[in-house]
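Below are the chains, spelled out letter by letter.
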Amino acid sequence: MQTIDKFNFSGKRAIVRVDFNVPLNKQTFEVTDDTRIRGALPTINKILNDGGSAILMSHLGRPNGEVQEKYSLKHVISAVEKLVSKKITFTGDCMGENAKKLAAALKPGEVLLLENLRFYEEEEGKPYHLGENATDDEKKAAKAKVKESQKNFVKQLASYADCYVNDAFGTAHRAHASTALIAEYFDDNKKMFGYLINKELEAMDKVLLKAEKPFTAIMGGAKVSDKILVIENLLNKVDNLIIGGGMTYTFIKAQGGKIGKSLCEEDKLDLALQILEKAKANNVKVYIPTDAINADAFDANANTNTSKTNETPDGWMGLDIGEDTIAAFTEVIKNSKTILWNGPMGVFEMEKFAQGTTVIAKALAEATSNGAFTLIGGGDSVAAINKNKLAEKVSYVSTGGGAMLEYIEGKQLPGITAIRK
Ligand code: AMP
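Residues numbered from 1 in each chain as written. Predicted model: local features only at pLDDT ≥ 70, side-chain atom pairs only at ≥ 80, totals over all residues. Heavy atoms only, no water.

**Observations regarding the site of the ligand**
Heads up, the condition is: By convention in this text, a residue qualifies as near a molecule or strand provided that one of its non-hydrogen atoms is within 4 Å of it. Throughout this description, a polar contact denotes any pair of N or O atoms lying within 3.5 Å of each other; where both atoms belong to protein, one of them has to be capable of donating a hydrogen while the other can accept it, and for residues adjacent in sequence the pair is counted only when both atoms sit in side chains. Exposure was quantified through the Shrake-Rupley algorithm and a 1.4 Å probe, taking into account, for residues, occlusion by the shown protein chains and nothing else. Helix and strand labels come from DSSP, where a helix needs a run of H or I of at least four residues and a strand needs a run of E of at least two; each type is numbered from the N terminus. Side-chain classes follow a simple rule in which Ala, Val, Leu, Ile, Met, Phe, Trp, Tyr, Cys and Pro form the nonpolar group, Asp, Glu, Lys and Arg form the charged group, and the remainder, Gly included, forms the polar group.
What surrounds the ligand is a group of 15 residues, the closest being Ala222, Lys227, Gly318, Glu349 and Asp380. One of the backbone nitrogen or oxygen atoms of alanine 222 is found 3.0 Å away from an oxygen atom of the ligand. Within the side chain of glutamate 349, one N or O atom sits 2.4 Å away from an oxygen atom of the ligand. Protein coverage of the free-state accessible area of the ligand, which is 500 Å², stands at 80%. Where the shell around the ligand is concerned, the elements lending two or more residues are α7 (224-234) and β14 (317-321). Across the shell around the ligand, the residue classes break down as five nonpolar, six polar and four charged.

**A short note on the packing of helix α6 (residues 195-209) against helix α13 (residues 401-409)**
The condition that has to hold: To define axes, lines are fitted to C-alpha atoms, for helices over the stretch in contact only, and angles between the resulting N-to-C directions are given on a 0 to 180 degree scale. Each crossing gets its hand from how the near helix is turned against the far one by less than a right angle, where anticlockwise is left-handed and clockwise is right-handed. Every residue pair with non-hydrogen atoms within 4.5 Å of one another is taken to be in contact.
Put simply, α6 and α13 touch, their axes get as near as 11 Å, and they point 35 degrees apart. For the pair α6 and α13, the sense of crossing is right-handed. Contacts from Leu201, Met204, Asp205 and Leu208 of α6 reach α13 at Met404, Tyr407 and Ile408. Grouping the constituent residues of the contact of α6 with α13 by class yields six nonpolar, no polar and one charged.

**Overview of the packing of helix α1 (residues 35-50) against helix α2 (residues 77-84)**
Note the threshold: Any angle from 65 to 115 degrees is called roughly perpendicular, while one under 35 is roughly parallel, one over 145 is roughly antiparallel, and all others are oblique.
Look at α1 against α2: their axes get within 10 Å of each other, and the N-to-C directions meet at 50 degrees. Comparing the axis directions of α1 and α2 gives the class oblique. In the crossing of α1 with α2, the sense of the turn from one axis to the other is right-handed. Together, Ile37, Arg38, Leu41 and Ile44 of α1 and Ala79, Val80, Leu83 and Val84 of α2 make up the contact between the two elements.

**Describing the domain arrangement of the protein chain**
Our working rule: Where each domain starts and ends follows an automatic or database-derived domain assignment. The quantity reported as buried area is the accessible area (1.4 Å probe) lost by two parts once they are put together, taken as the sum for both. A side-chain nitrogen of Lys or Arg and a carboxyl oxygen of Asp or Glu constitute a salt bridge if their distance falls within 4 Å.
Partitioning the protein chain into structural domains gives domain 1 (13-193) and domain 2 (202-409). On a C-alpha basis, the centres of domain 1 and domain 2 stand 35 Å from each other. Contact residues are listed per partner, giving four residues for domain 1 and eight residues for domain 2. Regarding the contact of domain 1 and domain 2, the summed buried area is about 470 Å², with carbon and sulfur atoms giving 67% of it. At the junction of domain 1 with domain 2, the criterion picks out zero salt bridges.

**Quick notes on the side chain of threonine 91**
Along the chain, threonine 91 falls in the loop between β3 (89-90) and α3 (97-104). Every residue in contact with threonine 91, bar those within four places of it in the chain, is listed here: Asn98, Ala99, Leu102, Leu112, Leu113, Leu114 and Glu115.

What follows is the structure, encoded as structure tokens:
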């Protein structure tokens, strides 16, 4: 497999799938958080420093195959220019004559930015322009048509460059034109991952394939159903499984506890028991919260009390883990050598119910300083780490929530398999 480190971009045009799907100010369209652009910098700099040129392509938002001003990548130009410290050229399209001409005219050291890939329904291969009342046959025909024109789309993108770099981990679980299909048009020695994807894969493989033991997974967030496949795969790998967040109560109820009006997935009670059985069979210790901070409403100003999680008073709901649970969880974390964390311990967006998540975030930072490898992924746990300014104090914070979860589930990610054969 080709690697970006080994590849010499001198005199080469590289088409790079980056993730510039950044948040914009709704009025001024200024970039409000440039983290993702910064994430692509090492790859862009390597290409330019070698004496190559870079054609950057990305999606922004969900324009569903339609040109929409608010999703134009022109809004990111100045943020990109500031970070790469040079003027960049913007094509305003992906497929037209302009993109073709500008790509051909690109000189070493120059950067070209294509317009939002998702302005074209070919990027996702979905027939977005189908009327609501379309029949099944019409839908089938439209899908076939998009798939057909997708081939031309991919071919044209590929024709702009000598080599292909994928550095958009956040979309690696999608089999889109720019994330996977384009790789077919480049020889094996001319396609590679960028530095960001390399870092992501290294961190995840360290946890999945080379975890130093004890290995603890902390799974929080709202629902068991969202995390079931991840939990099942992890049960073959971890020593400890810590459960937190809303999914706690499906486990508590499944075991006969009283959960008041806490979040519960009634149709997942059996599944919760099966998870516990599988854990037992695999010698995995499962830690489920024993006490909680309850609220009388799902509200930042709700009245609160505390109780055991299996004795939640009627009319109350558990929205954060309690003191005993915090103590038990931090002890497990302290004694672990590898820790994977996905999902908050409580409704951390509300100050009254943020303590459990904050303490766990801090415990992870402490474990890291004591030599543990800690990987954090998933939008909300990442937000919790950032809120507590701990991103530099843990081993790795993943940039791709959905992609990371699918990788940990053991799925093949199209954007990864297209290059790693
Ligand atoms: P997820 O996207 O599945 O990781 O879920 C994250 C969401 O779970 C956050 O918005 C939290 O507010 C929510 N959450 C965490 N704990 C609870 C709880 N005990 N009850 C209801 N929602 C929760």
